[in-house]
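In case you want the letters, here they are:
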Amino acid sequence: MQEWANQLCENRQFGSKMTDSKYFTTTKKGEIFELKAELNSDKKEKKKEAVKKVIASMTVGKDVSALFPDVVNCMQTDNLELKKLVYLYLMNYAKSQPDMAIMAVNTFVKDCEDPNPLIRALAVRTMGCIRVDKITEYLCEPLRKCLKDEDPYVRKTAAVCVAKLHDINAQLVEDQGFLDTLKDLISDSNPMVVANAVAALSEIAESHPNSNLLDLNPQSINKLLTALNECTEWGQIFILDCLANYTPRDDRESQSICERVTPRLSHANSAVVLSAVKVLMKFMEMLPKDLDYYGTLLKKLAPPLVTLLSAEPELQYVALRNINLIVQKRPEILKHEMKVFFVKYNDPIYVKLEKLDIMIRLASQANIAQVLAELKEYATEVDVDFVRKAVRAIGRCAIKVEQSAERCVSTLLDLIQTKVNYVVQEAIVVIKDIFRKYPNKYESVIATLCENLDSLDEPEARAAMIWIVGEYAERIDNADELLESFLEGFHDESTQVQLQLLTAIVKLFLKKPTETQELVQQVLSLATQDSDNPDLRDRGYIYWRLLSTDPVAAKEVVLAEKPLISEETDLIEPTLLEELICHIGTLASVYHKPPSAFVEGSRGVMHKRLPARTGSGESAESPDTGSSAAGSAPEATPAVIPSQGDLLGDLLNLDIAPTTTPGPPPPVSGMQMGAMDLLGGGLDSLMGVAFGNPPAVMPASLNAPVSSGLGDLFDLGGGVGMPMGAYVPPKTVWLPAMKAKGLEISGTFARRAGVIQMEMTLTNKAMSVMSDFAIQFNRNSFGLAPAGPLQILTPLSPNQTLEASLPLSTVGPVMKMDPLNNLQVAVKNNIDVFYFSCQYPISMLFAEDGKMERQVFLATWKDIPNDNESQFQIKDCHLNSDAASNKLQGSNIFTIAKRTVDSQDMLYQSIKLSNGIWVLAELRVQAGNPTYTVSLKCRAPEVSQCVFQSYEAVLKN
């Protein structure tokens, strides 16, 4: 249809523009017969008129396929206008008349050698549009000539024809070598030929993602950038989209490309601007943030994005959807441009809502005053949907900017006083979230909320109010009456309200058991006996059994302290955000969904990722999600909550059958389990933090069956074999005889069956007998302490040597040492007390239950800030990846998954220290290269150096 439109537009330049309508008004009865006669007329003008009538009939939907042979006969003409019309007819009917279409082949071949380049191009364009298998083979030779034609107009048309032909018969195109010719056209002297060659190759590459057709290198990139300045706007878009798929070698090349792409930001076409923004957003990932150019680039990106907002509403909406993604990735680009997102009175609702969303994302302590003033204004508008969103936005500001919380609550109370029903209901919903974010701070407003109880008619608002009453029942004198009023119409309420009411009344009962016994029995009866909702019934039965069997446990479960809600609950998941940034300027960036979610038959859709930042040791599998600060206290560590898709994946992969274990689990003391923190509390947690608290996040089983949810990221190709034994360092002299009045102690540390052993050799080089041995440790980084007395049962005679093994625990007093694994020891005997210090390998603290689940590993890797990542090199190591994995597993360094990229094996590993700190590792092993690279991520980066030393010791011994 597009081709027809193009052709018809071109035809308007020929002949009379005023009389074309006459071809659409004929009502003759024997029309086909008359047209046939006219088409076979000797007069050229009459022929042309007849063909125009045929095209007119075809355009309005009449079947004129019976005239196929007569129209094809008209191809033999020098008249360009007539030739275009005949080709237009051919494109439409060739599929329904494939046998007749072969008649046109000779004319195509002849026209491809016509002296007029317009006719050569027209022939090759039509060839690509005739989707008939029978004639494709005949078109190869003419196409080959046109690809090497001297005229650039013909070459650029032929380039697009290759993509069309590939869609009909991919094998034929590959066999005929057209793809190589297309690659050669990237070096063409004409920029439009280059742009069309890039467009054709990109189109083919999308349907064959593994073909590596666009094998870009610095030389070809330079040619594309040169052509970028000279081709048309759509050619620029093709080239920019192609550049976005290239990964520069280093930050210098990345900067060079950015400098040459930046001028496109001032282009009049918004599609060119967005394509340029996409390239710059991708390549900025590789620029060091302390680079001057990085700051300059951030400043240059803001004005073109702001300019897009002065277009018509539809374009504004597309721009705003893209800006929404950009602001989530890099809010600093538009942090000073808040005012352009203020809503205008005549903006359509879809633009208003999108602007509101971006305002919240840009809200900060610096601009919160003007944002709140705007939002308060919006809350008095007449558009109900917009007002609701504005009220909710005030609540989001309170949660995001703590300093503004009081002003936000005050603003919400003012809005509640307006008594506008839908405003009051939205305000109550957001105040509930504010209570969750700032407990015990703004509860004084509860009385005002309770006054509006009767006006609530929306399920979400009713559920929010019920939650508030149940959560703060001890502060509300008539809480039981308020909840009882909701109970009267229990069966008419929505499921959301019913569930909330059930929980609220159980909370109330646990807080005021004597006064509310009847109420709780009534709600449990309604939920379990009178309801047909399985969710409600199940929750009712759980509460009933909890309350009847163990009220103390019920209190711990129902009244447990709730985690604080996060600042931004509607942020796009980081991996998806990266993919969408790579699709800026396309439908994916408007839908905020990856192409695979809405493109039918998306077998060819590639998942794109941003490149890793140079110099940070960050791999493509460890995106910077900008999570918690490195120095945050362990108790403030947020739980890693998998996305909804991950949770579904876990549910689908649950093994319901009882698991059988090959042997007893490794011994883990209650104290150790209590101290466990999945995300690693950091070294600060070693000092002054009680070990008895239960962990915030505890996997059900660290050795549970691995979910397949990460199949696209981790490929466990080449399974890991049986682990070897744990590495034990050779003994060294800790206490020389000359410093200990003849007593020499040498030793090492080992971990056997989950127990740390201090293995010592004691030699008496004095003249007297030694006895009454005892040992004591000073406070140390990991709480190492003797688990019992030093067992030397017989006196140590002169020149005698004894072996002693001392089991150690990790529940002793803690103090950070320098170096971290330093241990100060005092040994006493009948002669004196002697002091020495030694260093234990940190691998002795690696626990047997340190194998993390894949889902947890990925979420934790993303959650640990990239500043906590350290990279080391292990030299002169000659093991393959499987042997290295087996050896490391013997020392409780567990391989979670393995990937192979460009003949480089990447092992993803987890380690759990005895105090609950987790260390995540990525070990890169290149075949034939004796130097391994290990990247370590941990919430306590101080341990990384010691862990690296253990890696080196295990792998090289």
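The coordinates are above.
(A) Region of the structure containing helix 9 (residues 133–147). Relative to the 21 Å expected for 15 residues at 1.5 Å per residue, helix 9 spans 21 Å between its end C-alpha atoms, a close match to the ideal helical length. Of all bends in helix 9, the biggest is about 40°, found at leucine 139, and the proline proline 142 comes one to four residues later. All buried positions along helix 9 are accounted for by Ile135, Thr136, Leu139, Cys140, Pro142, Leu143, Cys146 and Leu147. Residues of helix 9 that are buried make contact with helix 6 (98–101), helix 7 (105–111), helix 8 (117–129), helix 10 (152–168), helix 11 (170–175) and helix 12 (178–184).

(B) Structural detail: the nonpolar core. The biggest cluster of nonpolar side chains holds 211 residues, and the ones touching the most others in it are Tyr89, Leu143, Leu224, Leu375 and Phe435. Aside from chain neighbours lying at most four places away, what touches leucine 224 is Ile186, Val194, Val198, Leu216, Ile239, Cys242 and Leu243. By size, the runner-up hydrophobic cluster in this structure holds 62 residues, among which are Ala740, Ile745, Phe846 and Ile893.

(C) Focus on the pattern of salt bridges. Within this structure, the stated rule accounts for 35 salt bridges. The partner of aspartate 357 in a salt bridge is arginine 361, with the nearest N and O atoms 3.4 Å apart. With aspartate 357 and arginine 361 both in helix 20 (residues 349–362), this residue pair falls 4 residues apart, about one helical turn. Here arginine 924 and glutamate 922 are joined by a salt bridge, their closest N and O atoms 2.9 Å apart. Linked by salt bridges that have partners in common, Arg388, Arg392, Glu426, Glu458 and Glu460 make up one network.

(D) Region of interest: the packing of helix 22 (residues 384–400) against helix 23 (residues 405–417). Running from amino to carboxyl end, helix 22 crosses helix 23 at an angle of 155°, the nearest separation of the two axes being 8 Å. With respect to their mutual orientation, helix 22 and helix 23 come out roughly antiparallel. Here helix 22 runs over helix 23; the crossing is left-handed. Residues Val391, Ile394, Cys397 and Ala398 of helix 22 form the contact with helix 23, whose own contacting residues are Ala405, Cys408, Thr411, Leu412 and Leu415. Of the residues belonging to the contact of helix 22 with helix 23, the class tally is 8 nonpolar, 1 polar and no charged.

(E) Looking closely at the packing of helix 24 (residues 421–437) against helix 26 (residues 459–471). Where helix 24 contacts helix 26, the two axes come as close as 8 Å, and the packing angle between them is 40°. Between helix 24 and helix 26, the crossing angle belongs to the class labelled oblique. Considering only the axes of helix 24 and helix 26, their crossing is left-handed. Between helix 24 and helix 26, the contacting residues are Gln425, Ile428, Val429, Lys432, Phe435 and Arg436 on the first element and Glu460, Ala461, Ala464, Met465, Trp467 and Ile468 on the second. Residues that form the contact of helix 24 with helix 26 fall into these classes: 8 nonpolar, 1 polar and 3 charged.

(F) Broad picture of unusual backbone geometry. The omega torsion of the bond from aspartate 818 to proline 819 falls at -5°, within 30 degrees of zero and hence cis. Position of proline 819 relative to the elements: it lies in the loop between strand 6 (801–809) and strand 7 (822–828). With phi around 55°, alanine 753 is a residue other than glycine that occupies positive phi space. Within the secondary structure, alanine 753 sits in the loop between strand 2 (743–752) and strand 3 (755–764).

Cut-offs applied
Residues numbered from 1 in each chain as written. Predicted model: local features only at pLDDT ≥ 70, side-chain atom pairs only at ≥ 80, totals over all residues. Heavy atoms only, no water. Helix = DSSP H or I, 4+ residues; strand = E, 2+ residues; numbered from the N terminus. Expected span 1.5 Å × (residues − 1). Bend = angle between axes of the 7 residues up to and from the residue. Buried < 20%, exposed > 50% of the residue type's maximum accessible area, 1.4 Å probe, protein only. Contact = heavy atoms within 4.5 Å. Core = buried A, V, L, I, M, F, W, Y, C linked by side-chain atoms within 4.5 Å. Salt bridge = Lys/Arg side-chain N within 4 Å of Asp/Glu carboxyl O. Axes fitted to C-alpha atoms, helices over the stretch in contact; angles between N-to-C directions. Parallel < 35°, antiparallel > 145°, perpendicular 65-115°, else oblique. Left-handed = near helix turned anticlockwise from the far one by under 90°. Nonpolar A, V, L, I, M, F, W, Y, C, P; charged D, E, K, R; others polar.

The analysis is restricted to geometry; functional conclusions fall outside its scope.
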